[in-house]
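A look at the structure
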Amino acid sequence: MRASQFLIATLKESPSDAVVKSHQLMLRAGMIRKLASGLYTWLPLGLRTLRKVEAIIREEMDEAGALEVLMPIVQPSELWEESGRWFEYGGELMRIKDRHNRDFCMGPTAEEVITDLARNELSSYKQLPKNFYQIQTKFRDETRPRFGIMRSREFLMKDAYSFHANADSLNDTYQRMHKAYNKIFTRLGLDFRPVNADSGSIGGALSHEFHVLASSGEDDIAFSDTSDYAANVEMAEAIAPNFERPAATDTLTCVDTPDQNSIEDVSQFLGVNSNQILKTILVEGELSEKEQKDGVTAPLVALVLRGDHELNELKAEKIDGIAAPLVLASEERIIKLLGCKPGFVGPKDLPIDVLVDRSAAVVANFVCGSNEDDKHLTGANWQRDITFLHVEDLRNVVEGDASPDGEGRLNIKRGIEVGHIFQIGDKYSKALKATVLDENGKAKVMHMGCYGIGVSRVVAAAIEQNFDDRGIIWPKALAPFQISIVQIDANKSEEVIERSEALYQALKDLNVEVFLDDRDKKTSPGVKFADAELMGFPHRVVMSSRGLKNGIVEYKGREDEKGDAVELPCDDILSFVKNKLDL
RNA sequence: CGGAACAUAGCGCAGCCUGGUAGCGCAUCUGCUUUGGGAGCAGAGGGUCGGGGGUUCGAAUCCCUCUGUUCCGACCA
């Protein structure tokens, strides 16, 4: 490609509404332009990268035995009513009407359509398993689109759906997809983790999210430093400490702590580390449907955690006897029950159920609330001073916790979800009556698996992991062009033109994606260098009259430092570059 | 959906408080000069100051309203 014929849409300054690096750089490099909130046009440069992601995904899906299809973006409401999601899905489902006033939606996903296809086309167990995929635009009317292409309303997604005669077959394909995803993200050059996304409880359908590690991610991922365990922070189990509670040595004392009603306050006021302070959080208990109808007031339940730990609401909700969704007790109820403000609640002699976090249960000689305003207890000890019955996992894991699989310690990093695979079982096939005949000629509902990759999001995620102050540094697999040839002094040196054109042609003949910066003399060398670096081409060759006079051309890799360019005899450049490109 | 902010040339911004000629940098166009890190000089074009309404002799500026955009949170995965 010649720069003179391409659309170079680079920006010196980044638009003020872009806050994350990938968004800024995609705008600055001229990859995308915003049309409206959450809607973007892909410019020629950006589209080249998007197509590369697609191509890699397509190759690996084909390799893994999946069959490509292409389903409509616009889907009839009938199918969604059949699955029940026309009513369940909520505002994210963009509903539209045609000229006959019939209801349709812009597909946010395609379970309904593919299941409809499967029930019509598949009739025998002998045809199974089958795995269909498509790479198609999806539309989700996000409440808050943000970060450019990272969370947009219209986006490109690879979605695959597999159909099976039994759970074993589903499991096989699931494992196969898991492997294919690992291969895809490895080929894309990304630092990623497959994250266990199942509930951990019995009966939870198997599911993994694939996260690219990047500080701008929206999810916290906990992963072991020695094993391949990884989970969402909310999902990761905080295992019980492997030591016994130290002996009680201090005397239980009630001390004045006027107005010290947060852990931080108390910690400073008493000079005690927050991990020696226990906090007590009161939440509402669970009611049966009948009790709710009868207007019964829910009992309160006390949750006790170490001061430096955070309550995990998901874990709390799952415990029998605790309301889901979690409801914190109001200040009035606490005052009514205990006669003190929330900041001074403690576990001693509570008239309600007390659940103690695993880590809090092994603290000795701790500080806690006294259930009396402006007073705390110090030197408190379990069983000697305060009894409890239940120990539960109530907290979020923190960096350095033991990995739940027993190997290594947990690291916590932000992740961008780029892929998600899950076994959905018969939810859609049952609702849509997608059956095949089994060996006995009996209709059986098919089992289903579902596998997604955010294709456009992958592009943004790749940039989040690969940039410097000069711009994007593309992994080779994603670079829109592999190499740029920069002409300098072309207007006064025939040799610059001849040499650069010759190299350009030679590389093109080798099917190398080469970018020749042949912009005229109004474009200064600095501009050409800056653009090539911003757009992130992995390799750069500079041809100038100055260098050619001495028979020299210059090569520099995008990852190299500014001063690291190497000078080469100009006759050697082709073989040098071929070597760099692994040709 | 709750909270907050912003909207002035293609992009980045000033002007608004204290009402009175719409400005700066980059980009664009023309001419000359220049060519190894976002060139110089000279000139030019480009704005119903987001829309509507109000106050006023007079509104980018003050008030009301609508729309759009962004940020934080909730939701989603």
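Here the structure is a predicted model, which means the values were calculated and not measured.

A tally of helices and strands in chain A yields 16 helices and 30 strands. Overall, chain A is about 95 × 70 × 45 Å in size when its C-alpha atoms are taken along their principal axes. Across the 583 residues that make up chain A, the buried fraction comes to 50%. Put simply, 69% of the contacts in chain A that link residues at least 6 apart link residues at least 24 apart. Only carbon and sulfur atoms are counted for the fraction: they give 47% of the accessible area of chain A, which is about 27,600 Å².

One can describe the packing of helix H2 (residues 44-63) onto helix H12 (residues 455-465) by two numbers: an axis separation of 9 Å at closest approach and a directional angle of 115°. Pair H2 / H12 crosses with right-handed handedness. Residues Thr 49, Leu 50, Val 53, Glu 54 and Ile 57 of H2 form the contact with H12, whose participating residues are Val 455, Ser 456, Val 458 and Val 459. Here the contact of H2 with H12 is composed, by residue class, of 6 nonpolar, 2 polar and 1 charged.

This part covers the protein's contact with RNA strand B. Lining the immediate surroundings of RNA strand B are 36 residues, of which Arg 144, Asp 489, Lys 521, Glu 533 and Glu 554 lie closest. Contacts to RNA strand B include Thr 143, whose side-chain N or O atom sits 3.4 Å from a base nitrogen. Here a sugar or linking oxygen of RNA strand B and a side-chain polar atom of Glu 417 are 3.0 Å apart. Contributing elements (two or more residues each) for the surface near RNA strand B: strand S20 (410-425), helix H14 (525-535) and strand S28 (539-544). No other element matches the 7 residues that H14 contributes to the surface near RNA strand B.

On to the packing of aromatic side chains. This model, assessed by the stated rule, comprises 15 aromatic pairs. Here the aromatic rings of Trp 80 and Tyr 89 are separated by 5.7 Å at their centres, their planes lie at 75°, and the arrangement is edge-to-face. The partly exposed category is assigned to Tyr 89, whose relative accessible area is 22%. Ring geometry for Phe 366 versus Trp 382: centroids 5.1 Å apart, planes at 45°, classification tilted. With Phe 366 in strand S17 (residues 366-369) and Trp 382 in the loop between strand S18 (375-380) and strand S19 (390-392), this residue pair connects regions lying 16 residues apart in the sequence.

This brings us to the sheet that holds strand S27 (residues 514-517). Reading across from one edge, S27-S26-S28-S29-S30 is the order of the 5 strands in this open sheet, with mixed pairing throughout. Sheet topology places S27 and strand S30 (566-569) at the edges, where each strand pairs with a single neighbour. Taken pair by pair, the neighbouring strands of this sheet meet at an average axis angle of 25°, ignoring direction. Sheet topology places strand S26 (residues 483-488) next to S28; 6 bridges connect them, and they run parallel. Counted as the bridge partner of Ser 484 is Arg 540 from S28. H14 contacts S26, S27, S28 and strand S29 (552-557) of the sheet and is inclined by roughly 175° relative to S26.

Met 31, Tyr 181, Phe 185, Leu 188 and Trp 474 are the most contacted members of the largest nonpolar core, which totals 60 residues. Two domains each provide a minimum of three residues to this core, namely domain 1 (18-197 + 418-462) and domain 3 (481-580). In this structure, Tyr 181 is in contact with Lys 158, Phe 210, Gly 419, His 420, Ile 421, Tyr 451, Gly 452 and Ile 453, ignoring residues within four places of it in sequence. Of all hydrophobic cores here, the second largest spans 25 residues; its members include Phe 344, Val 345, Ala 380 and Ile 386.

A cis amide bond links Leu 128 to the next residue, Pro 129, at an omega of -5°. Note on placement: Pro 129 falls in the loop between helix H5 (111-121) and strand S7 (130-139). Phi is positive for Phe 147, close to 60°, though the residue is something other than glycine. Considering the arrangement of structural elements, one finds Phe 147 in the loop between S7 and strand S8 (154-164). Positive phi, close to 60°, is recorded for Asp 259, a residue that is not glycine. If you trace the backbone, Asp 259 turns up in the loop between strand S13 (253-256) and helix H7 (263-270).

Glancing now at the pattern of salt bridges. In this structure the tally under the stated criterion is 42 salt bridges. One salt bridge connects Glu 495 with Arg 499, and the closest N-O pair in it is separated by 3.8 Å. Remark: Arg 499 and Glu 495 occur in helix H13 (residues 494-509); sequence separation between them is 4 residues, near one turn of the helix. Take Arg 499: its relative accessible area is 28%, and that puts it in the partly exposed class.

Basis of the calculations
- Along each chain, residues carry numbers from 1 onward, in the same order as the chain's sequence is written.
- Key to labels: chains lettered from A, ligands numbered from 1, both in the order written.
- Given that the model is predicted, a residue must reach a pLDDT of at least 70 before its local features are reported, and side-chain atom pairs must reach 80 or more before they are shown or counted; all residues, however, enter totals for whole chains, interfaces and linings.
- Hydrogens and waters are ignored; side-chain quantities use all the structure's heavy atoms.
- Secondary structure follows DSSP: runs of H or I at least 4 residues long count as helices, runs of E at least 2 residues long count as strands, and numbering of each begins at the N terminus.
- Under the scheme applied here, a residue whose accessible area is under 20% of the maximum for its type counts as buried, over 50% as exposed, and between as partly exposed, the area being computed with a 1.4 Å probe on protein chains only.
- In what follows, residue pairs with any heavy atoms lying within 4.5 Å of each other are defined as contacts.
- Only the protein chains shown count as cover for residues, with accessible areas throughout obtained via the Shrake-Rupley method and a probe of 1.4 Å.
- Fitted lines through C-alpha atoms give the axes, limited to the stretch in contact for helices. The angle between two N-to-C directions lies from 0 to 180 degrees.
- Each crossing gets its handedness from the near helix: less than a right angle anticlockwise from the far helix is left-handed, clockwise is right-handed.
- Note on residue categories: nonpolar means Ala, Val, Leu, Ile, Met, Phe, Trp, Tyr, Cys or Pro, charged means Asp, Glu, Lys or Arg, and polar means any other residue, Gly included.
- By convention in this text, a residue qualifies as near a molecule or strand provided that one of its non-hydrogen atoms is within 4 Å of it.
- Distance and chemistry together define a polar contact, namely a pair of N or O atoms within 3.5 Å, with one atom able to donate a hydrogen and the other to accept it when in protein, and with adjacent residues in sequence counting only for side-chain atoms on both sides.
- To pair, rings of Phe, Tyr and Trp, with the six-membered ring standing in for Trp, must have centres within 6.5 Å; the planes then decide the type, stacked if under 30 degrees apart, edge-to-face if over 60, and tilted in the middle.
- Strands were regarded as paired on the criterion that DSSP finds at least two bridges between them.
- Side-chain atoms within 4.5 Å link the members of a nonpolar core, which is a set of buried Ala, Val, Leu, Ile, Met, Phe, Trp, Tyr and Cys residues.
- Segmentation into domains, and thus their bounds, comes from an automatic or database assignment.
- One speaks of a salt bridge when a side-chain nitrogen belonging to Lys or Arg is within 4 Å of a carboxyl oxygen belonging to Asp or Glu.

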